[in-house]
Amino acid sequence: MFVVRGGRPLRGRVSVSGAKNAALPIMAAALAARGTTVLRGVPDLVDVTTLSQVLQSLGMTVERQADGALELTAADEQRCLADYEMVRRMRASVCVLGPLLGRRGRACVSLPGGCNIGHRPIDLHLKGLRALGAEITIDRGYVFARADKLVGTDIYLGGSFGSTVTGTCNVLCAAVFAKGTTTISAAACEPEVIDLGRYLNAMGAKIEGLGTPLLRIQGVEELNAVEYTVIPDRIEAATLLIAATMAGGRLQVDNVEPMHLAAVIDVLRMVGVGIEIQGRTVCVTAPERIRSVDITALPYPGIPTDVQAQLTALLSMADGISVVTDKVFPDRFMHIPELMRMGANVRREGASSIIGGVKTLTGACVMASDLRASAALLLAALAADGESVIRRVYHLDRGYESLEKKLNQVGADIVRVADLPETMPASLQLSDEEQQPLAVDSSDSPPPPKFLSKSEFARHRIK
Ligand code: EPU
C-alpha cells in the first residue's frame, strides 16, 4: 500500500513511459511474425509480465534485453491455448486470439470473465473473426476458433457503446492474413490501434485508413519480424498533468505526443490550468483555483475513459458543480465512494457523476478497485490535507511504470509499505477518546486495535 503525505506541490521534470495499451496488442501480434521481433518502449509493468507469460505458454521466447528492448521469437508454432489461469489475470490476453487465428489457423482462448469497470463482452471480436470465415464455438468458458483460410470481407464493428479497441486489434491481426480485401467500418481510431497498424505494416501488412473509422486491408501470406518503438503512454501523461494541477506547482512532462492528448489538454485549459506545448514536451502550471466543467468520456479523439477517474478527482476540488459522464464504460465509478472518504462531494446518476467541488480534500484510508481508480486516489491523496493510505496498489502496478518514483522525484511524498492493517500511520489513527463507546461503563467493550509506533511503521517500508 501507499502512504501519501499530501499538500506538496510538484516541481521539475518527468518523462512518460511507453504506452501499455499499445504495447500489449503489439506484443500479441508478434505471435504472427517470422523471426525475432525487437520492441522498444515496452513499459516494465505487471500486465506486460503477464502477457509475456501467456506468450511463452504459446511457444514464444520473450526476453528483456539489457537496453530495455523486449525480444520475442515464435519458437513453437503448434501451441494455441491461452489458459484461464493466465487470461483471468489480464483481459488484454484476449489480444492473442486474432494473431493466433491469422497465423496458426487455430486458437483456444479463455473468455476473460468479470471486470471491475463494468460489463466487457467480446461479442464484437467474435463477430469480426466469424465474418472472416472463422468457425467459433464457446465451450467450458473457452473460445475455440479455427479457420483453414480466412477470406476478406466487409465488417461493421460498431457496438452499443461505439467502437472496440482490442476488438479492432484482433480483427485487424486476423484480416492481414485473409485472402483478398477486408474493410472494417466503425473501427476504433485510438492511437494505440494506429500504432498496432503501423507495426503490422512495418512487418509487411497492407492496411490503409489507420486513424479513421474505415480500414482497408489487403491480405498477405506472411509477416516478417521487425524492430519497432511503441508510442508514449497518453494516459500516464494525462495522469501526470492532472497530478500537478491538483497538487499545485509547475511540471514539465517529456515524451508526450500532444496530439493524443488534445481533449485532455482542452479540459485542463477550461479549468484554468496554464499549458505550454513545445514539441514532445507539455508544461503545466497549476491555477490558484480550479474551475468546474462538464465532461464526457468518449472514444478517441474524445476524453479517454481511462482518464475519467483522474478528472473526477480533479473536479472534486473545483469551484462549483461539474458533471462527468462516461459513455464508454457507463459503470466505471468505483472510485467515487473512496473519493468521498476523502471529503469529495459526489452523487452518481446512471452513467454520470455530479460533483459539488470542495475547497480541500482530507487524507483518509482508501481502497483501489482498478487501475485508473487507483491513479485517481493517488492524485487526490497528493492534493489532500494530511496523510492518506491507499490500499491494493497492485492495481496501479499493472499499468503505470514507477509512478510513485516519478512523482517522488518532483516533490511528492509517497511511501510504499507492506499492505498490513497494522501499518496505518499515526495521523490516521483514532485517539483513545474517539474510540470509546458511548456507554460510561466500558468494561465489556473489546480493547481498541493496536497500531504500530512510528518507528515500527518505518520498518514496513518497501524500498
Ligand atoms: N464492447 C462490446 N463488445 C465487444 C467489445 C467491447 O460491447 O465485443 C463495449 C465495451 O463493453 C465498452 C466499449 O465497447 O462499453 C468499449 O470497449 P473496448 O472494447 O474498446 O475496450 P477494450 O478494448 O476491452 C481498451 C483498453 C482499456 C480502455 C478501453 C476503452 C486495452 C488493453 N484496454 O479496452 O484500457 O479503457 O479500450 O478505451 O487496450 C485501462 O488501461 O485501464 C483500460 C481499461
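Because the structure is a prediction, the values reported are computed rather than measured.

1. Looking at the sheet that holds strand S10 (residues 142-146)
In any sheet, the strands associate via hydrogen bonds between backbone groups, in a parallel or an antiparallel arrangement. The four strands are arranged S7-S8-S10-S9 in an open sheet whose pairing can be described as mixed. Looking at strand neighbours, the two that pair on one side only are strand S7 (81-82) and strand S9 (135-139), the edges of this open sheet. The sheet contact formed by S9 and S10 spans five bridges and is antiparallel. Among the inter-strand pairings, threonine 137 is bridged to a residue of S10, identified as phenylalanine 144.

2. What to know about the side chain of threonine 37
Checked against the element boundaries, threonine 37 lands in strand S4 (residues 36-40). Sequence-distant contacts of threonine 37, defined by excluding residues within four places in its chain, comprise Ala30, Leu70, Glu71, Leu72, Tyr199, Ala225 and Val226.

3. Considering the sheet that holds strand S14 (residues 214-218)
Strand order in this open sheet of four strands is S11-S12-S14-S13, and the pairing throughout is mixed. Strands at the two margins of the open sheet, each flanked by one partner only, are strand S11 (154-156) and strand S13 (206-208). Averaged over all adjacent pairs, the angle separating strand axes in this sheet is 15°, with direction ignored. Relative to S14, strand S12 (residues 181-185) is paired through five bridges, and the arrangement is antiparallel. Opposite threonine 182, over in S14, you have isoleucine 217 as the bridge partner. The sheet strands contacting helix H6 (residues 165-175) are S11, S12, S13 and S14, and the helix crosses S14 at an angle near 25°.

4. Considerations on the pattern of salt bridges
A complete count under the given rule lists 22 salt bridges for this structure. Salt-bridge contacts for arginine 34 lead to glutamate 222; the nearest nitrogen and oxygen are separated by 3.3 Å. With arginine 34 in strand S3 (residues 33-34) and glutamate 222 in the loop between S14 and strand S15 (223-224), this pair connects stretches of sequence that are 188 residues apart. Look at glutamate 222 and you get partly exposed, because its relative accessible area is 36%. Residues glutamate 227 and arginine 40 are paired through a salt bridge, measuring 3.1 Å at the closest nitrogen-oxygen approach. With glutamate 227 in strand S16 (residues 227-229) and arginine 40 in strand S4, this residue pair connects regions lying 187 residues apart in the sequence. Salt bridges sharing partners connect three or more residues here, namely Arg5, Arg8 and Asp413.

5. Focus: the pairing of S12
Two elements, S11 and S12, share three bridges in a ladder whose sense is parallel. Its bridge partner lying in S12, aspartate 154 is registered against threonine 183. For the crossover that starts at S11, traverses H6 and ends in the parallel S12, the hand is right-handed.

6. Observations concerning the packing of helix H8 (residues 234-247) against helix H12 (residues 371-383)
Between H8 and H12, whose axes approach to 8 Å, the crossing angle comes to 25°. When the axes of H8 and H12 are compared, the pair comes out roughly parallel. Classified by chirality, the crossing of H12 by H8 is right-handed. Contacts between H8 and H12 involve Ile235, Thr239, Ile242, Ala243, Met246 and Ala247 from the first element and Arg372, Ala375, Leu379, Ala380, Leu382 and Ala383 from the second. Broken down by class, the residue content of the contact of H8 with H12 amounts to ten nonpolar, one polar and one charged.

7. What about the nonpolar core?
Grouped together as the largest cluster of nonpolar side chains are 78 residues, with contacts concentrated most on Val96, Tyr199 and Leu200. With seven residues, the top contributor of residues to this core is helix H1 (residues 20-29). Other than its neighbours up to four places away in sequence, leucine 200 contacts Ala29, Leu172, Cys173, Val176, Ala205, Ile207 and Leu223. With 74 residues, the next largest nonpolar core counts Val14, Ile295, Ile355 and Leu379 among its residues.

8. What to know about the packing of H1 against helix H2 (residues 46-57)
In the contact formed by H1 and H2, the axes pass within 10 Å of each other and the chain directions differ by 5°. In terms of axis orientation, H1 runs roughly parallel to H2. Of H2, the residues touching H1 (which contributes Lys20, Leu24, Met27 and Ala28) are Asp47, Val48, Leu51, Ser52 and Leu55. Residue composition of the contact of H1 with H2, by class: six nonpolar, one polar and two charged.

9. Structural notes on the domain arrangement of the chain
Each assigned domain of the chain is listed here: domain 1 (2-16 + 233-430) and domain 2 (20-231 + 442-459). Centre-to-centre separation of domain 1 and domain 2, based on C-alpha positions: 27 Å. Contact residues are listed per partner, giving 31 residues for domain 1 and 25 residues for domain 2. In total, domain 1 and domain 2 occlude about 2400 Å² of area from one another, counting both sides; carbon and sulfur atoms represent 59% of this. Remark: the boundary between domain 1 and domain 2 carries two salt bridges. Two residues, arginine 398 and aspartate 47, come together in a salt bridge whose shortest N-O distance is 2.8 Å. Scanning the region where domain 1 abuts domain 2 turns up seven residue pairs in polar contact (both at pLDDT 80 or more). For the side of domain 1 that touches domain 2, the secondary-structure elements that each account for two or more residues are H12 and helix H13 (394-399). Tallying contributions element by element places H13 first for the side of domain 1 that touches domain 2, with four residues. The residue inventory of the side of domain 1 that touches domain 2, partitioned by class, reads 13 nonpolar, six polar and twelve charged.

What counts and what doesn't
Residues numbered from 1 in each chain as written. Predicted model: local features only at pLDDT ≥ 70, side-chain atom pairs only at ≥ 80, totals over all residues. Heavy atoms only, no water. Pairing = 2+ DSSP bridges. Helix = DSSP H or I, 4+ residues; strand = E, 2+ residues; numbered from the N terminus. Contact = heavy atoms within 4.5 Å. Axes fitted to C-alpha atoms, helices over the stretch in contact; angles between N-to-C directions. Salt bridge = Lys/Arg side-chain N within 4 Å of Asp/Glu carboxyl O. Buried < 20%, exposed > 50% of the residue type's maximum accessible area, 1.4 Å probe, protein only. Right-handed = clockwise from strand over helix to strand, strands pointing away. Parallel < 35°, antiparallel > 145°, perpendicular 65-115°, else oblique. Left-handed = near helix turned anticlockwise from the far one by under 90°. Nonpolar A, V, L, I, M, F, W, Y, C, P; charged D, E, K, R; others polar. Core = buried A, V, L, I, M, F, W, Y, C linked by side-chain atoms within 4.5 Å. Domains from an automatic or database assignment. Buried area = accessible area lost by both parts, 1.4 Å probe. Polar contact = N/O pair within 3.5 Å; in protein donor to acceptor, adjacent residues only side chain to side chain.

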